[in-house]
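# Working through the structure, step by step
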Amino acid sequence: MSFLPVDEQLAIIKRGTVEIVPEEELIKKLKKSRKENKPLRVKLGVDPTRPDLHLGHSVILRKLRQFQDLGHEAILIIGGFTAMIGDPTGQNKTRPPLTPEEVSENAETYISQAKKILDQSKTVIVNNNDWLGSMSFMDIVKLSSNLTVARMIERDDFSKRFENSEPISLHEFLYPLAQGQDSVHLKSDIELGGTDQKFNLLVGRDLQRADNQAPQICLMMPLLVGTDGSKKMSKSYDNYIGIDEPANDIYGKSLSIPDDLIYSYFELVSDVSIEKLAELKDQIRKDPRNSKHELAFTITRMYHGEAGAKAAREHFEQTVINKDVPDDAPELEYAAGSTIRLMDIISDAELTQSNGETKRLMKQGGVSLNDEKISDPNAEVEFLKGSQFDLKVGKRKFARLIGV
RNA sequence: GGGGGGAUACCAAAGUGGCCAACUGGGGCAGACUGUAAAUCUGUUGGCGUAAGCCUUCGUAGGUUCGAAUCCUGCUCCCCCCA
């Protein structure tokens, strides 16, 4: 395996990057690696707290993938031990620690989803419980002596909590140490993280130095803004696009991002080439509509393939733009000659959660049968042999009723 | 160790004996509009019922009362101040 020239590697590495600390050292490491034909060890630690991955997670995983494609060694650390501490980063309160069972369960789903992005054959997956779990109290005391309290409470999240007289548990101070110890143990050359991870990543450098290792390079990626256009993408804000979601949802949700986010999505979560990226700036400004459709298509294709993306695009055009019932709507059969209340049909098909909700929707004009709004909760449907009704409930729920 | 405050629907937060299924904001959902599942405007937001109405819900278990989210008692949890 031969490595690309350093400047070409650097261009790929720097795509979307917020900060590389320090960049000159990275260049040196890349040069050395190329000269000696020895891959760099690139580390990414993940907390298996929330196992469902979304595009926000994909930003950093994709960066790791890029390192893999450049021929470097990707090490994915499952924070089995650290998850039991709980990362205090950005938290305004102590996180509830997970049990070992929850951790291993989450880790499994995490890995299976992460493999959609990473090169499976080349990814080294380790669990930091394997080395952190066996450290002695004395080991931890020694490790702790590398950092001062002053340094810890410089951190924004801690100082805020401290000023507001909110509790900071002592064990939370140990989190960055644990993460840094991972770097020492793995002798990592580079560690990836979000901008909010800067402190934790820098501690890795300190600990490596204390262990007489060459300190790692810290590479920070931005936090992806969610579909609401303001907060970072997160499950708890419900502004996320899950990589495991159905193609139709990925496509539709991608289209719902504000226009000024289109570029950064292309840059951070899509696989378009760097050359294409340069053209896109102009294209987005001139034609945001089609650019966003292209974005939605690209993202959907990455997780559902070309055919899946095409189907999702058609589905979107049919249901949202033309407001038609899609071809793949579930079909419900009713005996010819029977007359059934529409509300019961909707409830039985579980298109709503309660009769109250159905009634509400009907009154608000959210229910239509063959393009005709039905607002009477007592409306009935009469089935004859071969009769067919296209039922639309709200914006996104459909069914085809057929008399047999 | 001492003193004080609190727990209300998805979240935040009013309500302090009947007019409370519970103000208001956020979120969600729907309609209009739109290139869009964005923005904006409007409506809506416990369950059953065509409806009248009934049932369940205000940390938890009891009690007072014709009647309680509101008063009393025990319990659980959270927070603040002082030491």
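Attention here is on the structure that accompanies the text. None of the values given here were measured: they were computed from a predicted structure. (Residues numbered from 1 in each chain as written. Chains lettered and ligands numbered in written order. Predicted model: local features only at pLDDT ≥ 70, side-chain atom pairs only at ≥ 80, totals over all residues. Heavy atoms only, no water.)

## Brief notes about the overall build of chain A
A tally of regular secondary structure across chain A gives 17 helices and 13 strands. Seen through its principal axes, chain A has C-alpha atoms that stretch 85 × 50 × 35 Å. Across the 404 residues of chain A, 48% fall into the buried class. Counting contacts in chain A only where the partners sit at least 6 residues apart, residues at least 24 apart contribute 71% of the total. Computed over 54 positive and 63 negative side-chain charges, the separation of the two mean positions in chain A equals 4 Å. (Helix = DSSP H or I, 4+ residues; strand = E, 2+ residues; numbered from the N terminus. Buried < 20%, exposed > 50% of the residue type's maximum accessible area, 1.4 Å probe, protein only. Contact = heavy atoms within 4.5 Å. Lys, Arg positive; Asp, Glu negative; His and termini not counted. Charge placed at Lys NZ, Arg CZ, Asp CG, Glu CD.)

## Focus on a positive patch on the surface
A grouping of Lys323, Lys373, Lys395, Arg396 and Lys397 is seen on the molecular surface, where their side chains present a positively charged patch. Among the structural elements, Lys395 can be located in the loop between strand 12 (388-393) and strand 13 (397-403). (Patch = residues over 30% accessible without salt bridge, like charges linked within 9 Å, V, L, I, M, F, W, Y side chains within 5 Å. Areas by Shrake-Rupley, 256 points an atom, 1.4 Å probe, with all protein chains shown as cover. Salt bridge = Lys/Arg side-chain N within 4 Å of Asp/Glu carboxyl O.)

## Let's talk about empty space enclosed by the protein
For the structure shown, the criterion picks out one cavity of 30 Å³ or more. Here the largest cavity defines a volume of roughly 40 Å³. Lining of the largest cavity is provided by Arg15, Val59, Arg62, Lys63, Gln66, Met221, Glu267 and Leu268. Where the lining of the largest cavity is concerned, the elements lending two or more residues are helix 3 (55-69) and helix 13 (262-269). Looking at the lining of the largest cavity, its residues break down into three nonpolar, one polar and four charged. (1 Å grid on protein atoms, 1.4 Å probe; cavity = no way out; pocket = protein on both sides within 12 Å on 5 of 7 lines; lining within 4 Å. Points joined across faces, edges and corners; volume = space filled by probe spheres on them. Nonpolar A, V, L, I, M, F, W, Y, C, P; charged D, E, K, R; others polar.)

## A closer look at the packing of aromatic side chains
The geometry of an aromatic ring pair is captured by two quantities: the separation of the ring centres and the angle between the planes. This structure, assessed with the given rule, holds three aromatic pairs. For the ring pair Tyr251 and Phe316, a centre distance of 5.9 Å and an interplane angle of 50° mean the geometry is tilted. Of the two residues, Tyr251 is situated in helix 12 (residues 247-255) and Phe316 in helix 15 (residues 288-321); the sequence distance between them amounts to 65 residues. Grouping residues by exposure puts Tyr251 and Phe316 together as buried. Pairing Tyr334 with Phe383 gives two aromatic rings, centres 4.7 Å apart and planes at 15°, and the pair type is stacked. Here the residue Tyr334 occupies a position in strand 7 (residues 331-334), and Phe383 occupies one in the loop between strand 11 (380-382) and strand 12, the gap between them amounting to 49 residues. For Tyr334, a relative accessible area of 15% puts it in the buried group. Counting every residue linked through ring pairs, the aromatic cluster contains Tyr334, Phe383 and Phe389. Sitting over the ring of Tyr240, Lys253 keeps its end group 4.6 Å from the ring centre. A cation sits over an aromatic face here: Lys281 above Tyr263, 4.8 Å from the ring centre. (Phe/Tyr/Trp six-rings, centres within 6.5 Å; stacked < 30°, edge-to-face > 60°. Lys NZ or Arg CZ within 6 Å of the ring centre and 35° of its normal.)

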